[in-house]
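Secondary and tertiary structure notes
Residues per chain, in single letters:
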Amino acid sequence: MRIPCPNCGSRSLAEFSYGGAALDRPPGDIGPSPETAPAWDDFVYRRDNPAGPLRELWFHAAGCRAWFVATRDTRSLEFIAEVTP
Amino acid sequence: MTGWRAPTGGRIDRSRTIDFRFNGRAYTGHDGDTLASALLANGVDIVARSFKYHRPRGIVAFGADEPNALVEVGEGSRRTPNLKATQVRLVPGLVARSQNCWPSVNFDIMAITGLLAPFMPSGFYYKTFKWPVSAWPFYERLIRNAAGMGRAPAAADPDAYDSVHRSVDLLVIGGGLAGLAAARAAAQADAGTRILVVDELAEFGGLGTADTAVVDGRDYRDWVADAVAALSAVPNVTLLPRTTAYGHYDGNLVGLVEECDGPVRQRRWLVHADRIVLATGATERPLLFGGNDRPGVMLASAARLYATRHAAMAGRRAVVFTSDDSGYEAAFDLRQAGVAIAAIVDPRAEVGEALKGRCAAAGITLLAAHRIESSHGRRRVSGCTVRPIAGGQPRRFTCDLILTAGGWTPAAQLFTHAGGRLRHDPALAALVPDATSWAGRASTGMIAVGAAAGVYDVAGCLASGQAAGRGEPPLGIGGSEARSPIVLGGTGKCFVDLQNDVTVADIALAVREGYRSIEHVKRYTTLGMGTDQGKLAGLTGVAVAAAAQGLAPADLGNSRPRPPLSPVTFGALAGPFVGPLSSPARTTPMHGWHEAHGALMANVGSWRRPQLYRREAEGDLEAVIREAGNVRRAVGLTDVSTLGKIDLQGPDVARLLDHAYINGFASLAPGRCRYGVMLREDGMVLDDGTVTRLTAERWFMTTTTGNAERIHAHLERIRQIDLRGLDVTITPVTEQWGAMAVAGPRARDLLAALRPDFAVDNEALPFMALAEGRIGDIAARVLRVSFSGERAYEIYTAAGDALAMWNTILAAGTSFGLMPYGTEAMMTLRIEKGLFVPGFEADGRTLPDDLGLARMVSTKKEFVGRRSLRRPAFVAPDRKQLVGLMAVDRTQAIPRGAQIVRDLGGAPPVAMEGHVTSVTYSPELGRWIALALVAGGRAALGETRVAASPLTGETVPVTLCPPVFVDPEGERLRG
Ligand SMILES: [Zn+2]
């Protein structure tokens, strides 16, 4: 499998580490609140496992060391959208 | 013994005779032979015994679809099992042996199981060998011995294997007419196109087109020679003969194995291709009749190829059973080569006038609307019974060869590996690649051309190959008229899968027992699950299973072939990465010294580290006790170069660290170190280490050995994603620094004796402080930190200086009682101090509070994992907490990995309250101690539990105690 790094272009999977779904970290105020706890639990535990496009984070560990977001179709393992650094 | 060699013809070099041995007997062949063609020419008709019934079997096919002639080639450490005789090139001195026979092919004691055949129906293994489970190892050995699965060599492989990665614009798999046409068209369109053409045979040209066919107005042989010459002249084109593509993977990665001569035996290629053209040809389907497995029954195309390529004749007198016009061509060619044709039997009512005329001209008996019902013969075919399709009187023919031609199936197995689909084409009566499979996929896909796409005529192969080579969409194929019906049945055993001994009756029984899906029928009957991957059996099996359910084959679908297409040796997969290269070990600058001084080395993550230093007449445990005790009494030296080291620079480092660690770093003054703990977002402890502020904007972090890469990625993620905009530069410098720890009550005296150009007294260099300067002529960074609980210093130098520093310290240390110590003593010392380690105590399920770190957790800032810590389950009082354990009987050891239970009374299952995480003998306490995670452990200190190890049968009463066994006030490390 090849992954499109925004800096280095298409490179082998072996050069990357996986960072999971690219979810926005819920805004962090000091202390948990009833309003933010469900959002936090969703962020940490209740993640979707879609059969289809998934925005996810990749780290080009053996390359430029950039974390970037790429969209991959989990059914075909095809990278289907432009990556955003 | 009826095979023979024609005196002329074929592409063999009769001037070069090759001696070889098969099943212990000496034979001769010629350069250009395969093992199969040489065996045929020598009249060897039985090459194997069948898998289940041990029936005699002969050579059936010409290439990779051969189901019977499985052989082991070579001897001793070079013995290779599971090769097909049809694919083994004859070389001088070749030694081969039938795989499926014991004690010999001609007298097979297991043939007695043939008498049991009625009692070995489908699912036999499922039903018979299922119970009792305890007997499985016995059954498995029995089956494997009887089944002749091939023997792996016992000795190490002496040969070298190579591994190549390649990216190309176009990969053409199959160098026949269509494949060569594709490559030529691509090269002509753009000479810069990087093209790789592979073919499993030594010569390009493929098997599907006769030498005498006319292509572009020339004989095919000449056309091939031109194409190969033209392609060889293009610098960007690589032609790889004797190379098999075994798998197609996502992102158009294709695995190839190249057979080599010389020092490298096989070369594995991993090829990334922008475009792939699949030109793998087609496989001839057999026709079924009773006793269709008897030696002497063969594919018509195979007999024709053996005759035309190798002048090897499979028999003297043949009956040709064909439902496809190609069977007639085979008959005419064989007759030309000297094989008498007793009859052509065609189940079709209508036979073309031209074919009828040619049969008549050649004096060949043609029986249309007839079928072969059964074969006869003891060791091999001696005749057959033919009957009209509509019924009626049978006719018997005497023959030593029955050739079947049931039409063609595209050899498109590779098409399905990465998600391509096959569709049933009624006009071709075959499964063909579905060109729509790859819709919406930009990086994976292939275009099938020629016979692999169901295109069987010369003009069509040429056109489909050229179109694909130019990057045009695939041409439409298939007509409207249904043809080549698959003929089923006969009297006696009709074999669908010759390699796995699956008959028509077996499949019908599976269907009667409720197996419907072809994937289930396949697994239940083992249809198509042999090393030939059902190349011959696949479609016929589908047709039989469909008929048994009253369905059309198209309605049943097909089982999906998966990689590898053909067996791949472990040698090819491993390539050169064996022995020390199999998992490259990282070594520290002091590695050579460790090895020269009795170190017992162990793998720690990717590193090699000394566990302990052995001395004469000393057991390993004694060595650990000596090394650890010496640190507590005098001073020790240990190599900590493997610690992860990260250099951090910029005005915003403190903000980054505050987000990464549970404790705060903004207040850390230059020249000081601080211990820190990191969490994952789910609140679990990720890692620990120290951070030293070198100057206002330059920091130095250490991580645990195994987590260096993970923490680097983690910090970059915080910098680039969570807190975008921080001005921080993160540089991993693990390899740039060598490091060693000097620990023990005399550590400071020793450090002073090294005459550093900086002060080392407790005022100038207190606990958790930094000193930088020179020790002798070596620049060093000294951190007063301790992982042993003793007064200790970590000394960092440039990696190139580390060994010199190590030796300097050793030389100066003699008068202080210095000894080196390894990772085992380091573990002993940290367990005595109750210090947790990721992987042992911090096992991915432990929170800071579980480890007694609650007071470290800042409440004044946001950090990774903070908001998980207040989840209700994470503040429950019965969480497993870190405690120390001492055996009640101080002479007893505590079993490693033991479960903690309340007592030994009561009936199982017993509630497990925790588990032992680390065990050591404590030289300081003179007894065994342990760290454990125990539910509600901190509230139960002083109570007794039982450490129970079901693995060893030990049950040891233990007392729960605080985890810090030595110097709980920390006076030693601060003093
Ligand atoms: Zn990159």
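Remember, it's a predicted structure, so these values are computed and weren't measured experimentally.

Observations concerning the overall build of chain A
- From N to C terminus, chain A includes one helix and six strands.
- Secondary structure elements of chain A, listed N to C terminal, follow the sequence β-β-β-α-β-β-β.
- Residue burial in chain A is summarised as follows: out of 85 residues, 40% are buried.
- If you take every contact in chain A between residues at least 6 apart in sequence, the share linking residues at least 24 apart comes to 45%.
- Of the accessible surface of chain A, which amounts to about 4600 Å², a share of 52% is contributed by carbon and sulfur atoms.

Side note on the overall build of chain B
- A tally of regular secondary structure across chain B gives 24 helices and 51 strands.
- Here the C-alpha coordinates of chain B stretch approximately 115 × 70 × 55 Å along the principal axes.
- In the structure as shown, chain B presents an accessible area of about 39400 Å², 54% of it carried by carbon and sulfur atoms.
- Seen as two clouds, the 106 positive and the 98 negative side-chain charges of chain B have centres 4 Å apart.

A short note on the packing of aromatic side chains
All names here are of chain A.
- Counted under the stated rule, the structure contains 18 aromatic pairs over all chains.
- Ring plane angle 50° and centroid distance 5.4 Å describe the contact between Trp40 and Phe43, whose orientation is recorded as tilted. Taken together, the positions of Trp40 and Phe43, both in helix α1 (residues 36-44) and three residues apart, correspond to about one turn of that helix. Residue Trp40 shares its accessibility class with Phe43, and that shared class is buried.

Points about the nonpolar core
- Formed by 60 residues in total, the largest nonpolar core has its most connected members in Phe20, Phe22, Leu35, Ile59, Met298, Tyr306 and Leu403 of chain B.
- Not counting residues up to four positions away in its chain, the partners in contact with Leu35 of chain B are Phe20, Val71, Ala85, Val88, Leu90, Leu94 and Ala96 of chain B.

A few points about the interface of chain B and chain A
- Contact with chain B, which involves 34 residues of that partner, is made by 25 residues of chain A.
- Between chain B and chain A, the buried area comes to about 2500 Å², and carbon and sulfur atoms account for 51% of it.
- We note a salt bridge from Arg441 of chain B to Glu78 of chain A, for which the minimum N-O separation is 3.6 Å.
- Summed over the shared surface of chain B and chain A, the result is 13 residue pairs in polar contact (both at pLDDT 80 or more).
- Every element with two or more residues in the side of chain B that touches chain A is listed here: α20 (708-722) and β40 (729-732) of chain B.
- Considering each element in turn, the side of chain B that touches chain A owes the most residues, seven residues, to α20 of chain B.
- Taken together, the residues of the side of chain B that touches chain A break down into eight nonpolar, 11 polar and 15 charged.

Some thoughts on the state of the cysteines
- Applying the stated rule across the entire model yields zero disulfides over all chains.
- Counting only cysteine sulfurs, Cys384 of chain B is the nearest neighbor of Cys494 of chain B, a cysteine outside any disulfide, at a range of 14 Å.

Quick look at the sheet that holds strand β51 (residues 954-961) of chain B
Residue and element names in this part refer to chain B.
- Taken in spatial order, the six strands line up as β46-β49-β48-β47-β50-β51 and close into a barrel, and their pairing is antiparallel. Averaged over neighbouring strand pairs, the angle between their axes works out to 40° when direction is ignored.
- Both strand β48 (residues 912-922) and strand β49 (residues 927-935) contribute to a ladder of eight bridges, which runs antiparallel. Directly across from Val916, in β49, lies its bridge partner Ala932.
- Sheet strands in contact with helix α23 (residues 823-832) are β48 and β49, and its direction is about 125° off that of β48.

A short note on the environment of Pro388 of chain B
Residues and elements named next belong to chain B.
- On the secondary structure map, Pro388 appears in strand β24 (residues 383-388).
- The spatial distance from the C-alpha of Pro388 to the C-alpha of Ala368 is 8.2 Å, given a sequence separation of 20 residues.
- Beyond its immediate sequence surroundings of up to four residues, Pro388 is in contact with Ala369, His370 and Gln393.

A look at the coordination of the zinc ion
Residues and elements named next belong to chain A.
- Donor atoms from the polypeptide that bind the zinc ion are Cys5 (SG), Cys8 (SG), His60 (ND1) and Cys64 (SG), placed at 2.0 to 2.3 Å.
- For the zinc ion, the four donor atoms in the first shell make angles of 102 to 118° at the metal, a pattern classed as tetrahedral.
- Taken in sequence order, the residues that donate to the zinc ion follow the motif C-x2-C-x51-H-x3-C. With a gap of 52 residues between them, Cys8 in the loop between β1 (2-5) and β2 (9-12) and His60 in the loop between β4 (53-59) and β5 (67-73) connect regions that are remote in the sequence.

As for helix α6 (residues 220-232) of chain B
All names here are of chain B.
- Between the first and last C-alpha of α6 there are 18 Å, a value that for 13 residues agrees with the 18 Å anticipated at 1.5 Å per step.
- Listed as buried for α6 are Tyr220, Trp223, Val224, Ala227 and Leu231. All buried residues of α6 lie within an arc of 100° about the axis, which places them on one face of the element.

A word on the pairing of strand β3 (residues 25-31) of chain B
Residue and element names in this part refer to chain B.
- Bridge count for strand β2 (residues 13-22) against β3 is seven bridges, and the pairing is antiparallel. Following the sheet pairing, Phe22 is matched in β3 by Arg25.
- Remark: two residues form the turn of the hairpin made by β2 and β3, two consecutive strands paired antiparallel; Asn23 in that turn has positive phi of roughly 50°.

Notes on the confidence of the model for chain A
- For chain A, per-residue confidence averages 86 on the pLDDT scale, and 84% of positions sit at 70 or higher.
- Across chain A, the secondary-structure element scoring lowest on mean pLDDT is α1 of chain A, at 82, and the one scoring highest is β4 of chain A, at 95.

Regarding the packing of helix α7 (residues 300-310) of chain B against helix α8 (residues 325-337) of chain B
All names here are of chain B.
- Contact geometry of α7 with α8 gives a least axis separation of 9 Å together with a crossing angle of 35°. The two elements α7 and α8 cross, and the hand of that crossing is left-handed. Facing α7, whose interface residues are Ala300, Ala303, Arg304, Ala307 and Thr308, α8 presents Glu329, Ala330, Asp333, Leu334 and Ala337.

Describing the sheet that holds strand β45 (residues 818-820) of chain B
Residues and elements named next belong to chain B.
- Read from one edge of the open sheet, six strands run β42-β43-β44-β41-β35-β45, paired in mixed fashion. The outermost strands of the open sheet, each flanked by one partner alone, are β42 (770-775) and β45. Across the sheet, the axes of successive neighbouring strands diverge by a mean angle of 25°, strand direction being ignored.
- Alignment of strand β35 (residues 635-639) against β45, held across three bridges, turns out to be parallel. Counted as the bridge partner of Val635 is Leu818 from β45.
- Set on the sheet, helix α18 (residues 620-633) makes contact with β35, β41 (737-743) and β45; between it and β45 the angle comes to about 140°.
- Sheet strands touched by helix α22 (residues 799-813): β35, β41, β42, β43 (778-783), β44 (792-798) and β45. Its angle to β44, the strand with the most contacts, is close to 140°.

Quick look at the packing of helix α19 (residues 653-660) of chain B against α20 of chain B
Residues and elements named next belong to chain B.
- Interhelical geometry of α19 versus α20 gives an angle of 110° and a closest axis separation of 10 Å. As judged from the angle between their axes, α19 and α20 are roughly perpendicular. Across from Leu656, His659 and Ala660 in α19, the residues of α20 making contact are Leu715, Ile718, Arg719 and Asp722.
- Among the residues making up the contact of α19 with α20, the classes are represented as four nonpolar, one polar and two charged.

Remarks on the pairing of strand β23 (residues 370-376) of chain B
Residues and elements named next belong to chain B.
- The buried fraction of β23 amounts to six of the seven residues, a majority that puts the element mostly inside the structure.
- Bridging between β23 and β24 involves six bridges; their strand directions are antiparallel. Across the sheet, the residue bridging to His370 is Pro388, located in β24.
- Count of turn residues in the β23/β24 antiparallel hairpin: six residues, of which Gly377 carries a positive phi of about 130°.

Topic: α23 of chain B
All names here are of chain B.
- Of all 10 residues making up α23, eight are buried, and the element is well covered by its neighbours.
- Along α23, the positions that sit buried rather than exposed are Thr823, Ala825, Met826, Thr828, Leu829, Arg830, Ile831 and Glu832.
- Buried residues along α23 sit against β34 (607-613), α18, β35, β48 and β49.
- Once α23 finishes, Gly834 follows within two positions and takes phi at roughly 70°, a positive value.

Regarding unusual backbone geometry
All names here are of chain B.
- Pro564 follows Pro563 through a cis peptide bond whose omega is -5°.
- Positionally, Pro564 belongs in the loop between α15 (553-556) and α16 (570-574).
- Backbone geometry at Asn23 places phi at a positive 50°, although glycine is not the residue there.
- Of note in this structure, Arg755 is not a glycine but carries a positive phi near 55°.
- For Arg755, the location among the structural elements is in the loop between α21 (747-753) and β42.
- What makes Arg755 exposed here is its relative accessible area of 69%.

Conventions and cut-offs
- Residues numbered from 1 in each chain as written.
- Chains lettered and ligands numbered in written order.
- Predicted model: local features only at pLDDT ≥ 70, side-chain atom pairs only at ≥ 80, totals over all residues.
- Heavy atoms only, no water.
- Helix = DSSP H or I, 4+ residues; strand = E, 2+ residues; numbered from the N terminus.
- Buried < 20%, exposed > 50% of the residue type's maximum accessible area, 1.4 Å probe, protein only.
- Contact = heavy atoms within 4.5 Å.
- Areas by Shrake-Rupley, 256 points an atom, 1.4 Å probe, with all protein chains shown as cover.
- Lys, Arg positive; Asp, Glu negative; His and termini not counted.
- Charge placed at Lys NZ, Arg CZ, Asp CG, Glu CD.
- Phe/Tyr/Trp six-rings, centres within 6.5 Å; stacked < 30°, edge-to-face > 60°.
- Core = buried A, V, L, I, M, F, W, Y, C linked by side-chain atoms within 4.5 Å.
- Buried area = accessible area lost by both parts, 1.4 Å probe.
- Salt bridge = Lys/Arg side-chain N within 4 Å of Asp/Glu carboxyl O.
- Polar contact = N/O pair within 3.5 Å; in protein donor to acceptor, adjacent residues only side chain to side chain.
- Nonpolar A, V, L, I, M, F, W, Y, C, P; charged D, E, K, R; others polar.
- Disulfide = S-S within 2.5 Å.
- Pairing = 2+ DSSP bridges.
- Axes fitted to C-alpha atoms, helices over the stretch in contact; angles between N-to-C directions.
- Donors = N, O, S within 2.8 Å, 3.2 Å for Na, K, Ca; no water.
- Tetrahedral: all angles 85-135°; square planar, octahedral: opposite > 155°, others 65-115°.
- Expected span 1.5 Å × (residues − 1).
- Arc of directions from axis to C-beta.
- pLDDT = per-residue confidence, 0-100.
- Left-handed = near helix turned anticlockwise from the far one by under 90°.
- Parallel < 35°, antiparallel > 145°, perpendicular 65-115°, else oblique.

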